[in-house]
Structure formats: C-alpha cells, structure tokens
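One letter stands for each residue in the lines below.
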Amino acid sequence: MERETRDDPDGRGTRDLPDAEAAPDGADHLIRLRDRGFEDRPVELVPIERLVVDFDDFSPRSDGEDEDYVRTLAETEAEFPPILVHRATMTVVDGAHRLRAACLRGADHITARFFEGDLATARLLAVATNVTHGRPLSTDDRIAAARRILAAHPSWADRAVAALAGLSAKAVARLRDGTGLEAGAFRIGRDGRSRPVDASQRRELAGELIRSDPGASLRQIAARAGLAPATVADVRARIRRGESPVPDRGRGRAAARAREPVPPGQRRVPPASTGQPLADDEVLRLFDALRRDPSLRFSDAGRSVLRVLDACAVIARDGGRIAATVPPHCRESLAQLAHGYAGIWNRLAHDLTGDESERIASLGA
C-alpha cells in the first residue's frame, strides 16, 4: 500500500490510496501512472534482443510503425529518454519508435524503466501513454483507443475513458452508443467510485436537502445524496431559477435546433453550457496534459493556444485573489467582460465538440 491521501470528493475527509500498479477499479491510477512518467523507478540497461514490440495489442496506432518518424529520431544527436517495458512479458509499453531508432543507430542495448503490473493494465497504460507522448495520435487512433478502453472496462464513466483516450466525454458517449455494450445502471468514475447512470432520484434528494437546509455546503449535500459536488451545484442553481432539479428533455430539443442550418452570413451563438462544470483542479489537470502534448508544444499555432490557456490557468489558480484586488470602480466592467469572454469560450467549445461529433458520426460510431 502506497501511503498517500487526498480529499474525498464526497466530503468524507481523506482516505488511503492503493499502490498505483495494483490496478484499482478506477481510471485515475492509469492517469497518475502516465503523468508522473515513472521518474521514481530505476533506469536499467536492457538488451534490445530481449524486447518485444506488439503494435496490435499494445498500441492504438492503426498504421503501426512510422518509418519516417523513426529515421528522424535516429538522426538526432540527443539521448533518448528511457522506454517503458512490461516486466513480465518484456513488451514495450511506451517507446517503440525510440527502440527502432536505437536499432538504426546500431545500438544493442537501450535504457528502460519497468512496469510491474498485470498484462491487462499494461495494455491500457500503453494506450494512455501513446495519447500524450511521442508522435501525436490521429483522430482515428484516439477513437480506436477509446473503443479499446470501453471494451476492457464498459462500466468506466465517459469522462474517465475520455481522459485516457484524448477525446471529449461527449465523443466517448457517442462511441459507447455505437458499440452495443451493455449499458448497466452504474458507472465507475476516475476516482474509483460507482455512480448511477440515471441520477434523477439522487438529484431529487439533493433538491429536498437543499430546500430543507439552505446553509449546507455542496460537499455535505453531495455526501448525503451520493452525487458529485458539481452536480449538487447544478441542482442548487436550478432550484434558484425555479426549475426542477432534474434536467428535462429540453436539452434534446436544443441539440436538434443546434443541427438546423444557419442562414448565410449569420453565426449560431450557442446557449450557456448546461453540462456539469469542471472543478478547478480538473481544469488545471487538463491544461497540464495539453501543455505536454507535442502537437501543441512544437507548432507556432499550438504555442499560441497554450499561452492563452496559461492565462486562464492563472485565473483558475488565483481567481479569488485576483477578484479581491480589483478596484471597486472596475468590478462591474470586469464582470461584464468576464461574461463576454465566457460566451466566446462557449462558442469555441461548441465548435470543437461539434466538429468531433460530426467526425465520429462519419465513422459510423
């Protein structure tokens, strides 16, 4: 057992986390393994002839090895970072292109770190690491990665699968609908907790608790109703607007209107997002993953995007302090500007998820 604690998302204090390689039920352990980069593991010099490369089971890359990319790596003078290898099978989890480049250089050994977990977890870890490391995955590859994760863990929540595969949760939901997998009554989130797919009754309960105890915190209501604090926040906002705690089918009608053609010369302005807001730490975690994506880091357009996102990350980290330092005569103007920018970001989110949905639909998902 790795002695580590973190805040319980349902407000029940802290709890011990199992060792990351013990493969708990949630997806968060894979994300932690991927993001920490195994820096704490010793580096070993391994004979190349002992290593196995399996593009069928250990990689979401549909086109297999990229020979041009391998040659580019081989021609660089830089020393390669250690590859990641599954100890039990000696199969390369992350670094197949580096291994081939080392062979082109004439090397007979390569530096490696080892993953000691089971084979099924190693395969999923290979998918997760390929999403964020090395040559960027194509849209088809990311979709293939999501399908592979869904096949292995159909009960994992859409957001958990999306975080591993590099897609949006909405895209994963569309893929799930096209797989014919048993829906099940519960989903397992990134934190390993099981939550109902239909949370209507829990939302109703949260609404009753909010009405009976308006001063209760989001975490207190969430713990009693069995919901995420973000969901309780949505319930509270609905009650304040005089709406039902449970979303009605108006969302479906809004989606249908969104698919209607827009007259020439006009642009559809989408309504404010009705999805559950992400917690600040989740926003920062997503930004950290994007910041390490080579397709953004090594292009001018990508670096421009990251600079904009970095400014937003500052607000996510220090929003309260920033608000406290704004002069009183500027507060109203700044609030209006923030609302305006929120609308612009909403339109961007609409464009991004709309393009992705159309892309997945065209593939028959």
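In what follows, the accompanying structure is described. These numbers come from a predicted model, not from an experiment.

Describing the overall build of the protein
Then, in step 1: Looking only at helices and strands, the protein has 16 helices and eight strands in total.
Then, in step 2: Taking all 365 residues of the protein together, 35% fall into the buried category.
Then, in step 3: Contacts in the protein between residues far apart in sequence, at least 24 positions, make up 65% of those at least 6 positions apart.
Then, in step 4: Counting every atom, the protein has about 20600 Å² of accessible surface; 53% of that belongs to carbon and sulfur.

Regarding helix α4 (residues 96–104)
Then, in step 1: All buried positions along α4 are accounted for by Ala-96, His-97, Arg-98, Leu-99, Ala-101 and Ala-102.
Then, in step 2: Tucked inside the fold, the buried residues of α4 contact α2 (55–58), α3 (67–75), β4 (83–86), β5 (91–94) and β6 (109–115).

Some words on helix α15 (residues 300–325)
Then, in step 1: Approximately 85 degrees is the largest bend angle found in α15, and it occurs at Asp-318.
Then, in step 2: Along α15, the residues classified as buried are Gly-302, Leu-306, Leu-309, Ala-313 and Ala-316.

Here's the deal with the pairing of β4
Then, in step 1: Neither face of β4 is left uncovered, since the one carrying Ile-83 and Val-85 and the one carrying Leu-84 and His-86 both have all their residues buried.
Then, in step 2: Of the pairings in the sheet, the one linking β4 to β5 comprises three bridges and is antiparallel in character. Paired with His-86 across the two strands is Thr-91, which belongs to β5.
Then, in step 3: Hairpin connection, β4 to β5: the antiparallel pair is bridged by four residues, and Met-90 has positive phi, about 60 degrees.

Some thoughts on the packing of aromatic side chains
Then, in step 1: Considering all chains together, one arrives at zero aromatic pairs under this definition.
Then, in step 2: Looking at Arg-87, its charged tip hangs above the ring of Phe-114, at a distance of 3.8 Å from the centre.
Then, in step 3: The ring centre of Phe-80 lies 4.0 Å from the NZ or CZ of Arg-105, which sits over that ring.

Looking at unusual backbone geometry
Then, in step 1: If you check the backbone angles, Met-90 has positive phi at about 60 degrees while not being a glycine.
Then, in step 2: For Met-90, the location among the structural elements is in the loop between β4 and β5.
Then, in step 3: By relative accessible area, which is 10% here, Met-90 ends up buried.

Observations regarding the environment of Leu-306
Then, in step 1: Its location among the elements puts Leu-306 in helix α15.
Then, in step 2: Overall, the relative accessible area of 11% leaves Leu-306 in the buried class.
Then, in step 3: Through-space distance from the C-alpha of Leu-306 to that of Leu-290 is 7.9 Å; in sequence the pair is 16 residues apart.
Then, in step 4: Here Leu-306 is in contact with Phe-287, Leu-290, Arg-291, Leu-296 and Arg-297, once residues within four sequence places are set aside.

A word on the packing of helix α5 (residues 119–132) against helix α6 (residues 139–152)
Then, in step 1: Two numbers describe how α5 lies on α6: the axes approach to 10 Å, and their chain directions differ by 155 degrees. Judged by the inter-axis angle, α5 sits roughly antiparallel to α6. When the axes of α5 and α6 are compared, the crossing they make is left-handed. Only Arg-142, Ala-145, Arg-148, Ile-149 and Ala-152 of α6 make contact with α5, whose side of the interface consists of Leu-124, Val-127 and Val-131.
Then, in step 2: For the contact of α5 with α6, a count of residues per class yields six nonpolar, no polar and two charged.

Cut-offs and rules
- Residues numbered from 1 in each chain as written.
- Predicted model: local features only at pLDDT ≥ 70, side-chain atom pairs only at ≥ 80, totals over all residues.
- Heavy atoms only, no water.
- Helix = DSSP H or I, 4+ residues; strand = E, 2+ residues; numbered from the N terminus.
- Buried < 20%, exposed > 50% of the residue type's maximum accessible area, 1.4 Å probe, protein only.
- Contact = heavy atoms within 4.5 Å.
- Areas by Shrake-Rupley, 256 points an atom, 1.4 Å probe, with all protein chains shown as cover.
- Bend = angle between axes of the 7 residues up to and from the residue.
- Pairing = 2+ DSSP bridges.
- Phe/Tyr/Trp six-rings, centres within 6.5 Å; stacked < 30°, edge-to-face > 60°.
- Lys NZ or Arg CZ within 6 Å of the ring centre and 35° of its normal.
- Axes fitted to C-alpha atoms, helices over the stretch in contact; angles between N-to-C directions.
- Parallel < 35°, antiparallel > 145°, perpendicular 65-115°, else oblique.
- Left-handed = near helix turned anticlockwise from the far one by under 90°.
- Nonpolar A, V, L, I, M, F, W, Y, C, P; charged D, E, K, R; others polar.

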